[in-house]
Amino acid sequence: MTSDAAAQADIGVIGLAVMGENLILNMASRGFTVAAFNRTVSKVTAFTGGRAVGRTIVGAGSLEDLVALLKPPRRVMLMVKAGAAVDEFITLLTPLLAPGDIIIDGGNSHPADSTRRTRALAEQGLLFIGTGVSGGEEGALTGPSIMPGGNVQAWPAVQPIFQAIAAKVDGGAPCCEWVGPEGAGHFVKMVHNGIEYADMQMIAESYQLLRAAGLSAPEAGAVFARWNEGELHSYLIEITADILSKVDDVTGQPLVDVILDAAGQKGTGKWTSVAALDAGSPAATITEAVYARAMSALKAERVAASAVLSGPAFAAPADREAFVEQVRQALYASKIAAYAQGFQLLHLSAQDAGWTLDYGQIAQMWRGGCIIRAAFLDRIKDAYDAQPALANLLIAPYFRDAVHGAQGAWRETVAAAVRGGVPVPAFSSALAYFDAYRSAALPANLLQAQRDYFGAHTYERTDRPRGEFFHTNWTGRGGNTASTTYTA
Ligand code: NBP
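Bear in mind that the values here come from a model prediction, so they are computed numbers and not experimental data. Position numbers for residues start from 1 in each chain and track the written sequence from start to end. At least 70 in pLDDT is required for a residue's local features to be given in this predicted model, at least 80 for side-chain atom pairs to be given and counted, and no such filter applies to totals for whole chains, interfaces and linings, which use all residues. Computation of side-chain values covers all heavy atoms of the structure but excludes hydrogens and water.

Q: Pulling in residues and values, what's your account of the packing of aromatic side chains?
A: For Phe, Tyr and Trp, rings pair up if their centres lie within 6.5 Å, where Trp contributes its six-membered ring, and each pair is then called stacked (planes under 30 degrees apart), edge-to-face (over 60) or tilted (otherwise). Within this structure, the stated rule accounts for 17 aromatic pairs. Each ring, one from Tyr359 and one from Tyr384, has its centre 5.4 Å from the other, and the planes form 40 degrees; the classification is tilted. Linking Tyr359 in helix α15 (residues 359-365) with Tyr384 in helix α16 (residues 377-386), this pair joins segments that are 25 residues apart in sequence. Residue exposure (1.4 Å probe, protein chains only): buried if accessible area is under 20% of the type maximum, exposed if over 50%, otherwise partly exposed. Under the relative-accessibility criterion, Tyr359 is labelled buried at 8%. Members of the aromatic cluster, joined through ring pairs, are Tyr332, Tyr339, Phe376, Tyr398 and Phe399. In this scheme, Lys NZ or Arg CZ marks a charge over a ring once it lies within 6 Å of the ring centre and within 35 degrees of the ring normal. Sitting over the ring of Tyr235, Arg373 keeps its end group 4.0 Å from the ring centre. Just above the ring of Tyr398 sits the side chain of Arg379; from NZ or CZ to the centre is 5.7 Å. Starting at the N terminus, helices and strands are each numbered in turn, a helix being any DSSP run of H or I of at least four residues and a strand any DSSP run of E of at least two.

Laid out in structure tokens, this is it:
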């Protein structure tokens, strides 16, 4: 610790929990000198006397010490609990910093908070970056995916550090590029997490179907290991195979069989779902994944209901291998639909916010380091590189062909699940999304008629140009006045 330190550090990091410590060690391993601070200062000494020994890491005993340690323009990165703690540190830091200095928030902050902070700090001459960091503990240490947004003037001073510590793909391309203004970085990270929810839920549904078909946990693990060799190759499939082969030390059972089926959540899936509702972007597969966790958490209720409510039993498939392959194709097609929804949400929200996002680059950032890293993100990058204004991944030739190839198995899998009473909310909602998106006509004509019937909300006609609105006096009792204020 120091109180009369010379400005020697390239960056200061506040927050010595799992993410902060590992990011600091990563930065030091890339040749940067890092100043470290934490609200509970004893954690600074524990760190500098422990994991940080022998590295270019300097502890600070106060925020004043931290700021004094930094080379200009000062770069201070917050890796603290999202929410009030970030605002509290910003309030304490701003009087200590000079115009042109940079505050970076690397926590899981809500995008709207990052937009607010970018604007507020700009008024004080300070530059703000709100950045998503994905990859958990190991990613932070060895190479996370980093999604920075905010004040672009800060980027040249931060880029060398972030791109040095980020995961690399394709022989060196960093999984870190400037995303866009204001809360764009945190928005992209939020959607990443929403897709992660969907991806995990779809893997869980595949797992449940395999178990219902009679596979043991290790047998299902071997299936996932095999799937990981092909087009589903991804971090989440890989860890699923590992998890299913793990034996519990206490009982000798597969560990997964003694883990209680009540899932937790920290809120980023819900944020993504709310953002989708706000943007009018149909991301139901992501939302279903959030609801599936909520349903799982009602464990005691479900146990009680299971004694009251009955349904069909899942019939073991005649050809188990054929069924396993069918589930694999259903998972792949559902996954494509979930990613299509995530990118559609990015697209529609960016339009609302006035941001220009590079979707190919976003796919590239998610290609390594982060939890949803997967081989098929290369194909997503290719699709957006070929057509930057692509409306939906489903219509890109590669994904169109993939879904066309898999849709028979996808439908059979959902049908088998429905017949056998196995809930597959993500699979079935992904399939409904595909069927709705490929439908030139949906029954919304009836919805519009109903809305006009009870609320005089008007409708457009198929035989008239868009933008012309009509009202019918359906009952002969109402008038001919259309509603302008009541919306339902
Ligand atoms: P936590 O989210 O557990 O936060 C711990 C840090 O926040 C400690 O430094 C703690 O200081 C500080 N803190 C808290 Br809690 N309340 C505070 C307050 N009111 N004022 C000041 N400081 C406060 O740490 P983490 O798991 O390392 O995550 C850091 C950020 O990165 C979070 O936003 C998280 O969502 C995000 N993230 C985490 C992961 C992951 O895998 N864990 C992955 C990606 C992103 P103290 O030591 O004095 O209590």
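There's more to say after this.
Q: Give me the lowdown on a positive patch on the surface, citing residues and values where you can.
A: There is a patch of like positive charges on the surface, built from Arg39, Lys43, Lys81 and Lys266. Residue position: Arg39 is located in the loop between β2 (34-37) and α2 (42-48). Patch building starts from residues that exceed 30% relative accessible area and form no salt bridge, then joins like charges within 9 Å and nonpolar side chains (Val, Leu, Ile, Met, Phe, Trp, Tyr) within 5 Å. What sets the accessible areas is the Shrake-Rupley method with a 1.4 Å probe; for residues, cover comes only from the shown protein chains. What counts as a salt bridge is simple: a side-chain nitrogen of Lys or Arg found within 4 Å of a carboxyl oxygen of Asp or Glu. Residues scored as charged are limited to Lys and Arg (positive) and Asp and Glu (negative), so that His and the chain ends carry no count. Lys charges are placed at NZ, Arg charges at CZ, Asp charges at CG and Glu charges at CD.

Q: Go over helix α11 (residues 268-279), please, and point to the residues and values.
A: Here a helix's expected span is defined as the number of its residues, less one, multiplied by 1.5 Å. For α11, which comprises 12 residues, the first-to-last C-alpha distance of 16 Å matches the rise-based estimate of 16 Å (1.5 Å per residue) to within 8%. Three or more residues of α11 are buried, namely Thr268, Gly269, Thr272, Ser273, Ala275, Ala276 and Ala279. Taken around the axis of α11, the buried residues stretch over an arc of 160 degrees, which confines them to a single face. In α11, the exposed positions that point more than 90 degrees away from the buried face belong to Lys270, Leu277 and Asp278. Throughout, a contact is declared for two residues whenever any of their heavy atoms are within 4.5 Å. Looking at the packing, one finds that the buried side of α11 touches α8 (184-212), α12 (284-297) and α14 (320-353). Gly280 occupies a position one or two residues after α11 and carries a positive phi of about 65 degrees. Think of it as the arc spanned by the lines of direction from the helix axis to the C-beta atoms.

Q: For the pattern of salt bridges, give the residues involved together with the corresponding values.
A: Close approach of charged atoms lets side chains of opposite charge pair. A complete count under the given rule lists 25 salt bridges for this structure. Asp87 is the partner of Arg116 in a salt bridge, and the nearest nitrogen-oxygen pair spans 3.0 Å. Here Asp87 lies in helix α4 (residues 84-93) and Arg116 lies in helix α5 (residues 111-123), a separation of 29 residues in the sequence. Asp87 sits in the partly exposed class, given a relative accessible area of 25%. Look at the salt bridges and you will find they share partners, linking Asp87, Asp105, Asp113, Arg116 and Arg117 into a network.

Q: Report on the packing of α14 against helix α18 (residues 425-437), specifying residues and quantitative values.
A: For any two helices packed against each other, one specifies the inter-axial angle together with the distance between the axes. For the pair α14 and α18, interaxial distance at closest approach is 9 Å and the crossing angle is 65 degrees. In the crossing of α14 with α18, the sense of the turn from one axis to the other is left-handed. Along the contact surface, α14 presents Val327, Ala330, Leu331, Ser334, Ala337, Ala340, Gln341 and Gln344, while α18 presents Phe427, Ala430, Tyr433 and Tyr437. Across the contact of α14 with α18, the residue classes break down as nine nonpolar, three polar and no charged. Axis lines are fitted through C-alpha atoms, for helices just across the contact stretch, and the angle between N-to-C directions can take any value from 0 to 180 degrees. Here is the rule for handedness: rotate from the far helix to the near one, and if that takes an anticlockwise turn smaller than a right angle the crossing is left-handed, while a clockwise turn gives right-handed. Note that Gly is not counted as nonpolar here; it falls among the polar residues with everything else outside the nonpolar set of Ala, Val, Leu, Ile, Met, Phe, Trp, Tyr, Cys and Pro and the charged set of Asp, Glu, Lys and Arg.

Q: Could you give me a rundown of a nonpolar patch on the surface, with the residues and numbers involved?
A: Residues Tyr453, Phe454 and Trp474 make up a contiguous nonpolar surface patch of about 370 Å² in total accessible area. Take Tyr453: it is sitting in helix α19 (residues 444-455).

Q: Please provide a residue-by-residue account of the pairing of strand β7 (residues 145-150), values included.
A: Among the six residues of β7, six are classified as buried, and the element is accordingly described as predominantly covered. The alternating pattern of β7 places Ser145, Met147 and Gly149 on one face and Ile146, Pro148 and Gly150 on the opposite face, and all of these are buried. Relative to β7, strand β6 (residues 127-134) runs antiparallel, the two being bridged by six bridges. Bridging across to β7, Thr131 finds its partner in Pro148. Two strands make a pair as long as DSSP finds a minimum of two bridges between them. Across two bridges, the pairing between β7 and strand β10 (residues 180-181) is parallel. Residue pairing across strands places Gly150 opposite Pro181, the latter belonging to β10.

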